[in-house]
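The lines below spell out each chain.
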Amino acid sequence: MRLVIAEKPSVAQSIAAVLGAKSRYDGYLEGGGYIVSWCFGHLAELADAAVYNADDAKWTLAALPIIPTSFRFIVRSEKQKQFDILRELMRREDVAEVVNACDAGREGELIFRTVYCLAGCSKPILRLWISSMEDKAIREGFSNLRPDSDYDNLYAAGLCRAKADWLVGLNSTRLFTCRYGTLLSIGRVQTPTLAMIVQRDYDVKHFVKQKFFTVELDCGTFVASSERIDEEESAKNIAESCSGKTATISEIKKEIKTVNPPKLYDLTTLQREANRQYGYTAQQALDYTQSLYEQKLVTYPRTDSQYLTEDMEQTAADLIQTICNTISCCQGLSIPEPNVKRCINNSKVSDHHAIIPTAEIAHKKLADLPDGERNILNLIAAKLILATADPHRYEATKVSVICENHNFSATGKAILNAGWKAFEIAIKEMLKSNEDTVKSGDEKTLPPLEKGQVFENVTSSVIEHYTSPPKPYTEDTLLKAMETAGNHNYDENADVEKKGLGTPATRAAILETLVKRAYIERKKKQIFPTAKGISLIAVVPDEVKSAQLTADWETQLQEIERGQCNPDDFMHEIISFVSDISGKYNEKAENAAFQTQRTVIGKCPKCGKNVVEWKKSFSCENDKEKCGFII
């Protein structure tokens, strides 16, 4: 008998249906030689500080840093029943092996192994590693179960991530809360993310627009413009000297340019486009995609790859016709020879390939899906169409014009092959997208021109411009900033390793945490820091809010997954960081950002200092000497 443990009840039910485990019991299903049960996400979690030392239930500067010699996991009371069920199932004499069927990633590995270890189980473990919940994928996965030891590095990375978040979050939160006398929530990833939002808000509010000018030369059949001119008087002089004079084409440059199709979606690019198109938050986009995955309609969502593997070439090719027959926004499209090979790169797929639909879309009544899920499915399906279409090719023309020894230029483009852009325009028209970045028919063309061509009696004018301020973050642009926070020279089109804050699987939760703790707020699509968030970043030192440092840590976690970094070295660095800041900032500090004027009601009978009014009490303000008088 094999015991299969999934991450969620819904996933367990899908697996049980394939395995023939049809008999239902409290907390599990059984049949066909299998028992299938589940966790509820993180069934076990790292214990609170007070578990290690009862004195640490109180928040004091003297107790910091808190660094357990060995970490303990506990099960919260609300999840204890399911844990007890799993423990009993693991101990059943007829259970010979345990199959880890939690999500195939860092967190799934951590979820399973903490429960396995807490239950005191020592039975052999096999790993189910799949990227789709389709029946076929589940069957193939069980035909190719792997030793769970193959994923020891993945588990090590997950455990290091959990410990690092505990150490940095707990110690930093207590340190700066005690230092400033008000509750401040600090996180390894959340605080650098908040710092970026606060900095962008500052840049927007303190932006000083600058005026500049260009001179436009109307040659009759086209208009040429000068370069930027900072002085208005200079622009006027150039315009006056050219008005009514003769202009000559000094050079014509023509270049054939190619714009390759977009890549397939990883989770972050899907979340970004869902925000642009529909205003969905990162968490909403993840939730909708996860639901589609559990309904077997799309592949595993928590991926950082935008490519497929070689063995998927025929599957993807077959899917394209299925999409054109079933997905409303793609119906009627004719895709004669899709180029699936462009989407294939084994070296760019680690744990999971890009997100694509599954063949199950042909058997599901898609019109019955909730709007959010249907919109996400449309995006994923359409992206496979675009990614396998022809490149977009056009001829770019630049014309240089001289008039009275002043240089002007005009540009134009002529479409040679619309390629994937034609499909994009058609699909977005059918989606009735609210995104205004894709327009048809807006390419500026130039008339037939020749070098040396002369234009008599041209007219000129001065055009006034202003520099544009940076824009507040949206969920789209913030996710991009988080993803590339550690890359100094990031090229979105290059296949470079992204060094970011968090992972595709955790970024949505980070943003929701910042909203929940009232450090940021959403206004339509835009994200702004609150006064509370700005105050927090104002007092937190650079090393605690450094995006570069956190991105470097995430890079090390990825290296641990690949066996390229020693987990002990990583944890030593985290512990050193926590120890350093605890020593450096281990004293009370005054800061106007957190000072609140309180009403004085009299003198303390114990020490003579003022007694002030609080929300639920009156107490002595003599906190430094721990007077302790309170009413």
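Coordinates for the structure precede this section.
This report concerns the structure included in the present document. (Residues numbered from 1 in each chain as written. Predicted model: local features only at pLDDT ≥ 70, side-chain atom pairs only at ≥ 80, totals over all residues. Heavy atoms only, no water.)

## Observations concerning the packing of aromatic side chains
If you walk through the whole model with that rule in mind, you get 12 aromatic pairs. Relative to Y28, the ring of Y25 lies with its centre 5.1 Å away and its plane at 15°, an arrangement referred to as stacked. With centroids separated by 5.7 Å and ring planes inclined at 80°, the aromatic side chains of Y34 and F142 adopt a geometry described as edge-to-face. Of the two residues, Y34 sits in strand β4 (residues 34–38) while F142 sits in helix α5 (residues 135–143), which places them 108 residues apart along the sequence. Each residue in the set Y52, F71 and W166 is aromatic and connected to the rest through ring pairs, giving one cluster. Across from the ring centre of F528, 5.2 Å away, lies the NZ or CZ of K523, which sits over that ring. The ring of Y519 carries the charged tip of K532 above its face, separated from the ring centre by 5.0 Å. (Phe/Tyr/Trp six-rings, centres within 6.5 Å; stacked < 30°, edge-to-face > 60°. Helix = DSSP H or I, 4+ residues; strand = E, 2+ residues; numbered from the N terminus. Lys NZ or Arg CZ within 6 Å of the ring centre and 35° of its normal.)

## Here's the deal with the sheet that holds strand β9 (residues 146–147)
The strand order β2-β3-β4-β1-β7-β8-β9 describes an open sheet built from seven strands, whose pairing is mixed. Only two strands of the sheet have a single partner each, and these edge strands are β2 (23–25) and β9. Inspection of the sheet shows strand β1 (residues 2–6) paired to β4 by five bridges, in the parallel sense. Bridge pairing links R2 to Y34 in β4. (Pairing = 2+ DSSP bridges.)

## Details of helix α12 (residues 371–387)
Given a rise of 1.5 Å per residue, 17 residues ought to cover 24 Å, and the 24 Å separating the end C-alpha atoms of α12 matches this to within 8%. Summarising burial for α12: 15 of the 17 residues are buried, a large majority. (Expected span 1.5 Å × (residues − 1). Buried < 20%, exposed > 50% of the residue type's maximum accessible area, 1.4 Å probe, protein only.)

## Focus on the nonpolar core
The biggest cluster of nonpolar side chains holds 86 residues, and the ones touching the most others in it are M90 and F570. Of all the elements, helix α6 (residues 152–180) adds the most residues to this core, at 15 residues. In this view, F570 contacts C160, A164, W553, Q556, L557 and I560; residues no more than four positions away in its chain are not counted. By size, the runner-up hydrophobic cluster in this structure holds 68 residues, among which are L270, Y300, I323 and I427. (Core = buried A, V, L, I, M, F, W, Y, C linked by side-chain atoms within 4.5 Å. Contact = heavy atoms within 4.5 Å.)

## Some remarks on the pattern of salt bridges
Taken as a whole and judged by the stated rule, the model has 37 salt bridges. In this structure, the salt-bridge partner of R113 is E109, at a minimum N-O distance of 2.9 Å. Residue R113 and its partner E109 are both found in helix α4 (residues 106–118); the two are separated by four residues, about one turn of the helix. Classification of R113 by relative accessible area gives buried; the value is 11%. Note that E521 is salt-bridged to K523, the shortest N-O span being 3.8 Å. For E521, a relative accessible area of 32% corresponds to the partly exposed category. (Salt bridge = Lys/Arg side-chain N within 4 Å of Asp/Glu carboxyl O.)

## Observations regarding the environment of G108
Among the secondary structure elements, G108 is positioned in helix α4. The spatial distance from the C-alpha of G108 to the C-alpha of L386 is 32 Å, given a sequence separation of 278 residues. The residues contacting G108, other than those within four sequence positions of it, are E7, N100, C102, D103 and R127.

## Quick look at the packing of helix α18 (residues 547–561) against helix α19 (residues 567–584)
Two elements in contact, α18 and α19, have axes separated by 10 Å at closest approach and are oriented at 160°. Classified by the interaxial angle, the pair formed by α18 and α19 is roughly antiparallel. For the element pair α18 and α19, the recorded crossing hand is left-handed. In this structure, α18 uses L549, W553, Q556, L557 and I560 to contact α19, whose residues at the interface are P567, F570, E573, I574 and F577. Tallied by class, residues from the contact of α18 with α19 come to eight nonpolar, one polar and one charged. (Axes fitted to C-alpha atoms, helices over the stretch in contact; angles between N-to-C directions. Parallel < 35°, antiparallel > 145°, perpendicular 65-115°, else oblique. Left-handed = near helix turned anticlockwise from the far one by under 90°. Nonpolar A, V, L, I, M, F, W, Y, C, P; charged D, E, K, R; others polar.)

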